[in-house]
Amino acid sequence: MLKLENLHVYYGNIHAIKGIDLEVQEGEIVSLIGANGAGKTTTLQSISGLIPSKDGSVVFEGENIEKRKAHLITKLGIAQVPEGRRVFTGLSVLDNLKLGAFLINDTKKNIEKDIEDIYEKFPVLKERKNQLAGTLSGGEQQMLAMGRALMSRPRLLLLDEPSMGLSPLFVDKIFDVVKELNKTGTTILLVEQNANIALSISDRAYVLETGKIVKSGDAKILLKDSSIKEAYLGA
Ligand SMILES: Nc1ncnc2c1ncn2[C@@H]1O[C@H](COP(=O)(O)OP(=O)(O)O)[C@@H](O)[C@H]1O
Ligand SMILES: [Mg+2]
């Protein structure tokens, strides 16, 4: 479904991504783990068309997208839930969701149906639909950010550190929804510093260190890998 080949990304002179190869098959949950500053967010931003790559290719469902504009990439079926949620704090929950459908050319009725689907996944968003997003807790804002991304009906969802700063209860809730989304047909590329939880729900994973993939493979096997345990699982 998604294939990155020899991807290079720079910030000025800083060579942040140094030739990454990465694949996501349709139906998988794949995680990209690594320490702070490894280049995880940059990789996702580059797939989404928010940061240009200098070299290499990004192919989504057979099409080269590395030179495409972000809104066209969203239209093709890729949505990103950004690190730090980035909800529109001064707008209501409902308006945040509606903005997620901005690029979808569909009837009001169908968009309202999508919103109902999101409320089913995240009942708290329905309870708080008229509240300003800025009044939600961190966990609720994460749910809203995910709901907003789902409004563009992605086939591939890019999640950037969904567990960051959340209490264990919310982390469990968020990952239950991620698993459920995957079961109902959404392919997931998950970025996490919390390697333990990421590996435990993923099919495969890649380990990123200072802009390079240093390890990849079956998530269950990586979970038992002693070097990964030492570096990322606090063992
Ligand atoms: N806007 C930016 N300008 C300059 N350097 C950046 C910028 N964003 C990220 N970087 C650098 O790129 C590298 C990768 O960052 P990032 O992708 O945010 O890592 P991660 O998401 O894994 O924590 C880091 O060295 C970071 O300092
Ligand atoms: Mg990041």
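Since the model is a prediction, treat every value here as computed from it, not as a measurement. (Residues numbered from 1 in each chain as written. Chains lettered and ligands numbered in written order. Predicted model: local features only at pLDDT ≥ 70, side-chain atom pairs only at ≥ 80, totals over all residues. Heavy atoms only, no water.)

Looking at the environment of I47
Part 1: Note on placement: I47 falls in helix α1 (residues 40-47).
Part 2: In this structure the C-alpha to C-alpha distance between I47 and S57, which are ten residues apart in sequence, comes to 9.6 Å.
Part 3: With residues near it in sequence (within four places) discarded, I47 still touches L2, L4, V58, I65, I73, I78, L158 and L189. (Helix = DSSP H or I, 4+ residues; strand = E, 2+ residues; numbered from the N terminus. Contact = heavy atoms within 4.5 Å.)

Here we look at the sheet that holds strand β7 (residues 156-160)
Part 1: The six strands lie next to each other as β6-β7-β8-β3-β9-β10, forming an open sheet whose pairing is mixed. Every interior strand has two partners, whereas the edge strands, β6 (78-81) and β10 (212-218), have only one. Looking at each pair of strands side by side, their axes are set apart by 15° on average, direction ignored.
Part 2: As judged from the four bridges shared by strand β3 (residues 29-33) and strand β9 (residues 204-209), these two strands associate in the parallel manner. Residue pairing across strands places I33 opposite V207, the latter belonging to β9.
Part 3: Against the sheet, helix α6 (residues 138-150) touches β6 and β7, its axis set at about 165° to β6. (Pairing = 2+ DSSP bridges. Axes fitted to C-alpha atoms, helices over the stretch in contact; angles between N-to-C directions.)

With respect to the packing of aromatic side chains
Part 1: Under the criterion given, the structure shown has zero aromatic pairs.
Part 2: Residue placement shows K54 over the ring face of Y10; its charged tip is 5.2 Å from the ring centre. (Phe/Tyr/Trp six-rings, centres within 6.5 Å; stacked < 30°, edge-to-face > 60°. Lys NZ or Arg CZ within 6 Å of the ring centre and 35° of its normal.)

With respect to the coordination of the magnesium ion (ligand 2)
Part 1: Bound to the magnesium ion (ligand 2) on the protein side are T41 (OG1) and E83 (OE), at distances that span 2.0 to 2.2 Å. Note that T41 is positioned in helix α1 and E83 in the loop between β6 and α3 (93-100), a separation of 42 residues in sequence. (Donors = N, O, S within 2.8 Å, 3.2 Å for Na, K, Ca; no water.)

Some words on the packing of α6 against helix α7 (residues 168-183)
Packed helix pairs are characterised by how far apart their axes lie and by the angle those axes make with each other.
Part 1: Look at α6 against α7: their axes get within 9 Å of each other, and the N-to-C directions meet at 15°. Considering the angle they form, α6 stands roughly parallel to α7. For the crossing formed where α6 meets α7, the hand is right-handed. Contacts from G139, E140, Q142, M143, M146 and L150 of α6 reach α7 at F170, K173, I174, V177, V178 and L181.
Part 2: Split by residue class, the contact of α6 with α7 holds eight nonpolar, two polar and two charged. (Parallel < 35°, antiparallel > 145°, perpendicular 65-115°, else oblique. Left-handed = near helix turned anticlockwise from the far one by under 90°. Nonpolar A, V, L, I, M, F, W, Y, C, P; charged D, E, K, R; others polar.)

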